[in-house]
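Observations on the three-dimensional arrangement
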Protein chains: 2
Amino acid sequence: MRQSKLFTKTQKTVSAGETSKNAQLLTRGGFIYKNSAGIYTYLPLGWRVIEKLSNIIREEMNAIGSVEMFMPALVSKEYLQATDRWDKGVGFKVVSQTDLDKLQAPIRQLADKLQEEYVLGWTHEEVITVIASNYVNSYRDLPFFTYQIQTKFRNEKRPKSGLLRGREFMMKDLYSFHTDQKDLECFYEVVKFAYLRIFERCGLEALYTLAAGGDFTEDYTHEFQVLAEVGEDSILYCNKCKYAENKEVSKLKTGDKCKECNGKMQSANSIEVGNIFPLGTKYSKALNLKYKDEDGNEKQVVMGSYGIGLGRLMATIVEKYNDDKGIIWPSSVAPFGMHLLSLDKNKDADKIYQTLIEKGVQVLYDDRDVSVGEKFADADLIGISMRAVVSEKSLKKGGVEIKMRDSDKEEIIKIDDLSK
Amino acid sequence: MRQSKLFTKTQKTVSAGETSKNAQLLTRGGFIYKNSAGIYTYLPLGWRVIEKLSNIIREEMNAIGSVEMFMPALVSKEYLQATDRWDKGVGFKVVSQTDLDKLQAPIRQLADKLQEEYVLGWTHEEVITVIASNYVNSYRDLPFFTYQIQTKFRNEKRPKSGLLRGREFMMKDLYSFHTDQKDLECFYEVVKFAYLRIFERCGLEALYTLAAGGDFTEDYTHEFQVLAEVGEDSILYCNKCKYAENKEVSKLKTGDKCKECNGKMQSANSIEVGNIFPLGTKYSKALNLKYKDEDGNEKQVVMGSYGIGLGRLMATIVEKYNDDKGIIWPSSVAPFGMHLLSLDKNKDADKIYQTLIEKGVQVLYDDRDVSVGEKFADADLIGISMRAVVSEKSLKKGGVEIKMRDSDKEEIIKIDDLSK
């Protein structure tokens, strides 16, 4: 893509309210735009990163046999009332148009007109459970696993830290349905490893951390925590085997011996990039999701749910991979495979760009009529893993000058030797 | 994909409220699930069709030089107030949690607590205009074109006709930004042809129809109308050159001579599958989007917006392509390239399935332990273009029995000859 066609621009400053590294760098680089508190637009560069993350997640979700679907954001009152989550405080209520500003009549009218019909889904346990009850009859229909990648909403009183805690965010949520607890536990382990693969492919080391159930279950759950100063969570983890517990549930303290090995527990801030919940029968009971076992007896379906926030994942990567010049994307999630910079006005850069496109390389081509210094600074800020400079000097040597974003080494590589 | 792993099932009946063909067949086939009035889930089969439509739309949008992005659904009050669309009646208002049920104190408290902060975006002109004003300074920054594929919301009082008129729906919206009206008009023509290509690739003949501006503009606009009895629109169109006008704006009547040729105008119901709006400076004026021209004079940016509803597109295809047995998807948008049915219990079907997967064919493999009749009936209902039957008979002849959904002809084809 030609950078001149990208309507966004890098910027030197951001509003004083954006104190987190991820919000600052992603805003300055033209990845995101803040519309309101906790509400962001993914600009074209940011959307490409989200797509890279989605693809990694889809590949790993499909690999464990789950199928993609898409549930609505508007969730009717009766769904949430069935599980006593209608008034949990976390959801945005949606009303029909009330013409509030125009109301002159007694205020009572307002209450009559006010019909809170929906909540904006911040999770979809109720919805998927009701859907499942339409299709599940027998043990032969189980287990099954289904996921979606979709916008979620939370009525956060104090959204903060850029994409880490927002009011509207993109999430992958997976739900699993089983005949019994044992089958759930098996799949739970399968998801655990799929999640660890996802985070690893995104360049993150995530610690599998024992945690509390929150609104979702009365049982234990697990979180995937990435160590980071900006993180809102506090965990204790073993310096040796990485066994970890969220401080909310941990009885251990810094310096204690690890439960799993002879390592010592350390304390740190961390970001929760994913979580997995063994829901048990909480939702199947509330919403009457049953199956007939081999003997014809009716039983409750046993469920699990598993989430990854995509915007938060993107933010966490930026928090971990940056320097004073900008972002340093791991190549697996960079918006483009290569940033091609043309320094002198020559037609060769255009030709090289065309050649690379034909080879299937995803190239961001800085064809703008701006100074060399600005091009270099923007390339560092945007942070695409591989930078390729076309200049008279490089052309004399028969190629382009390649520099990786995380290295100072530059080398001339012949065009023909550049592949995907 | 193995059909046994698809958690949905076909069903013989649907609720009496679903009177439209698209809702009936898509529900019975397991493509969609109705959560509430006008609110549907895309089940795995339906989601695959949406992905096919998205890919066609993305290819055509990228081909005309527009870039993808993603804007939030929560749109703050001030955006819509600037263009006088906050109280237009079409939007769902979103409030913070009000704990309405718990209120015992004077009703006045309710009003104080009630803060309508957002509307759920039913379109994004305001949002994109504000974003653009952050990046546009000079004529050199124009033109540019950007689009998103995303969920939209409309507070429809009477949602009806399945996916044709819902409260929550998926839409592609494209916005264009220009220095002047002439440049907009040029691009408007470019989009017109891109849209006609999109509909053609989806198997639909869409008529480019003169229409009214609605809330969007005071100018003329154009709609893309597909003739269909169930459609809510009424148009007049030429039986010869297909020139068309929406009856809302047309001064012509049935039998009149066409404006463009010597054909005659006919009357018909139709479904609006897309629309394009020359917005002019309505939004750039209201939200102060300006640029400096070559002489340094400040001018308003000229805008256009262009929409396609993906769910509605899917519904329209079903309305046009069905028979008494079920859906007949055009192959370009079918959820799978092939429906493989194993009639006898033999291991060869499994092997053939594996071979096809390795060849890159998208196969739905009916490996279920159900009757032959049920498999054939489900295949007809689901409506994948190509059906391949593996039976002892077909294996004796060295292949699978191929039948296209829209034909009665069956023929044996060797496995090696089956390609994408």
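All figures in this text were calculated on a predicted structure; none of them were measured in a lab.

1. Considering the overall build of chain A
Each helix and strand in chain A was counted, giving 11 helices and 23 strands. Principal-axis analysis of the C-alpha atoms gives chain A an extent of 80 × 70 × 45 Å. With 420 residues in all, chain A has 48% of them scored as buried.

2. Concerning the nonpolar core
Counting 239 residues, the largest nonpolar core has A:Val94, A:Met314, A:Leu340, B:Val94, B:Met314 and B:Leu340 as the members making the most contacts within it. Setting aside chain neighbours within four positions, we find B:Leu340 in contact with B:Ile352, B:Tyr353, B:Leu356, B:Val363, B:Tyr365, B:Asp366, B:Ala388 and B:Val390.

3. Some thoughts on the sheet that holds strand S23 (residues 410–414) of chain B
Residues and elements named next belong to chain B. Strand order across the open sheet formed by five strands is S20-S19-S21-S22-S23, with mixed pairing between neighbours. Each end of this open sheet is capped by a strand with a single partner; those strands are strand S20 (363–366) and S23. On average, adjacent strands in this sheet sit at an angle of 30° to one another, irrespective of strand direction. Bridge count for strand S19 (residues 338–342) against S20 is four bridges, and the pairing is parallel. If you follow Met 338 over to S20, its bridge partner there is Val 363.

4. Observations regarding helix H10 (residues 372–382) of chain B
For H10(B), the complete set of buried residues consists of B:Asp378, B:Ala379, B:Asp380 and B:Ile382. Along its buried surface, H10(B) packs onto helix H2 (44–63), strand S18 (326–327), S19 and strand S21 (386–390) of chain B.

5. Notes on the sheet that holds strand S22 (residues 399–404) of chain A
Residue and element names in this part refer to chain A. The mixed open sheet is built from five strands, whose spatial order is S20-S19-S21-S22-S23. Looking at which strands have only one partner, the edges of the open sheet turn out to be strand S20 (363–366) and strand S23 (410–414). Each adjacent strand pair in this sheet contributes to an overall mean axis angle of 30°, direction not counted. Across the face of the sheet, helix H9 (residues 347–358) comes into contact with strand S19 (338–342), S20, strand S21 (386–390) and S22 while running at roughly 165° to S19. Across the face of the sheet, helix H10 (residues 372–382) comes into contact with S19, S20 and S21 while running at roughly 175° to S19.

6. Considerations on the domain arrangement of chain A
All names here are of chain A. Along its sequence, chain A is carved into domain 1 (13–71 + 121–323), domain 2 (74–119) and domain 3 (336–417). In this structure, domain 1 and domain 2 have C-alpha centres spaced 29 Å apart. Residue-level contacts link 12 residues of domain 1 with 11 residues of domain 2. For the side of domain 1 that touches domain 2, the elements supplying multiple residues, two or more each, are helix H5 (125–135) and helix H7 (282–286). Across the side of domain 1 that touches domain 2, the residue classes tally to seven nonpolar, two polar and three charged.

7. Some thoughts on the packing of helix H1 (residues 21–28) of chain A against helix H8 (residues 310–320) of chain A
All names here are of chain A. At a closest axis distance of 8 Å, the pairing of H1 and H8 adopts a crossing angle of 95°. Put simply, H1 runs roughly perpendicular to H8. Contacts between H1 and H8 involve Lys 21, Asn 22, Leu 25 and Leu 26 from the former and Ala 315, Val 318 and Glu 319 from the latter. Its residues assigned to classes, the contact of H1 with H8 comprises four nonpolar, one polar and two charged.

8. Considering the packing of helix H2 (residues 44–63) of chain A against helix H6 (residues 181–201) of chain A
Residues and elements named next belong to chain A. Running from N to C, H2 and H6 point in directions that differ by 155°, and their axes come no closer than 10 Å. Relative to H6, H2 is oriented roughly antiparallel. Both H2 and H6 take part in a crossing whose hand is right-handed. Residues Ile 56, Ile 57 and Glu 60 of H2 form the contact with H6, whose own contacting residues are Ala 194, Arg 197, Ile 198 and Arg 201. Taken together, the residues that form the contact of H2 with H6 break down as four nonpolar, no polar and three charged.

9. Quick word on the environment of B:Ile308
Residue and element names in this part refer to chain B. As for its placement among the helices and strands, Ile 308 is situated in strand S16 (residues 302–309). Taking the number of C-beta atoms within 10 Å as the measure of exposure, Ile 308 has 26 and is therefore buried. Through-space distance from the C-alpha of Ile 308 to that of Met 170 is 8.8 Å; in sequence the pair is 138 residues apart. Each residue touching Ile 308, except ones within four places of it in the same chain, is listed here: Ile 57, Met 171, Lys 172, Ile 198, Val 273, Gly 274 and Leu 313.

10. Let's talk about the pairing of S23(A)
Residue and element names in this part refer to chain A. For S23, a buried count of zero out of five residues is recorded, marking the element as mostly open to its surroundings. As defined by bridge partners, S22 adjoins S23 across five bridges and the pair is classed as antiparallel. What sits directly across from Lys 403, in S23, is Glu 410. If you look at the hairpin formed by S22 and S23, you'll find five residues sitting between the two strands.

11. Brief notes about the environment of A:Glu248
Residue and element names in this part refer to chain A. Topologically, Glu 248 is positioned in the loop between strand S12 (244–246) and strand S13 (265–280). C-alpha of Glu 248 to C-alpha of Asp 233: the two residues are 15 residues apart in sequence and 8.9 Å apart in space. When neighbours within four sequence positions are excluded, Glu 248 is seen to be in contact with Ala 211 and Ala 212.

12. Focus: the pairing of strand S22 (residues 399–404) of chain B
Examined bridge by bridge, S21(B) and S22(B) share four bridges and lie antiparallel to one another. Bridge assignment links B:Arg387 to a residue of S22(B), and that residue is B:Lys403.

13. A word on unusual backbone geometry
A cis amide bond, omega -5°, links A:Leu142 with the succeeding residue A:Pro143. One can find A:Pro143 in the loop between H5 and strand S7 (144–153). One non-glycine residue, B:Lys242, lies in the positive phi region at around 70°. Mapping B:Lys242 onto the fold places it in the loop between strand S11 (233–238) and strand S12 (244–246).

14. Focus on H5(A)
The buried count for H5(A) comes to eight of 11 residues, which makes it a mostly enclosed element. Listed in full, the buried residues belonging to H5(A) are A:Glu125, A:Glu126, A:Val127, A:Ile128, A:Thr129, A:Val130, A:Ile131 and A:Ala132.

15. Focus on the environment of A:Ala16
Residues and elements named next belong to chain A. Within the secondary structure layout, Ala 16 lies in the segment before H1. Classification of Ala 16 by C-beta neighbours within 10 Å gives exposed; the count is 6. The sequence separation of Ala 16 and Val 136 amounts to 120 residues, and the corresponding C-alpha distance is 53 Å.

Parameters at a glance
Residues numbered from 1 in each chain as written. Chains lettered and ligands numbered in written order. Predicted model: local features only at pLDDT ≥ 70, side-chain atom pairs only at ≥ 80, totals over all residues. Helix = DSSP H or I, 4+ residues; strand = E, 2+ residues; numbered from the N terminus. Buried ≥ 20, exposed ≤ 12 C-beta atoms within 10 Å, placed from the backbone. Core = buried A, V, L, I, M, F, W, Y, C linked by C-beta atoms within 7 Å. Contact = placed C-beta atoms within 7 Å. Pairing = 2+ DSSP bridges. Axes fitted to C-alpha atoms, helices over the stretch in contact; angles between N-to-C directions. Domains from an automatic or database assignment. Nonpolar A, V, L, I, M, F, W, Y, C, P; charged D, E, K, R; others polar. Parallel < 35°, antiparallel > 145°, perpendicular 65-115°, else oblique. Left-handed = near helix turned anticlockwise from the far one by under 90°.

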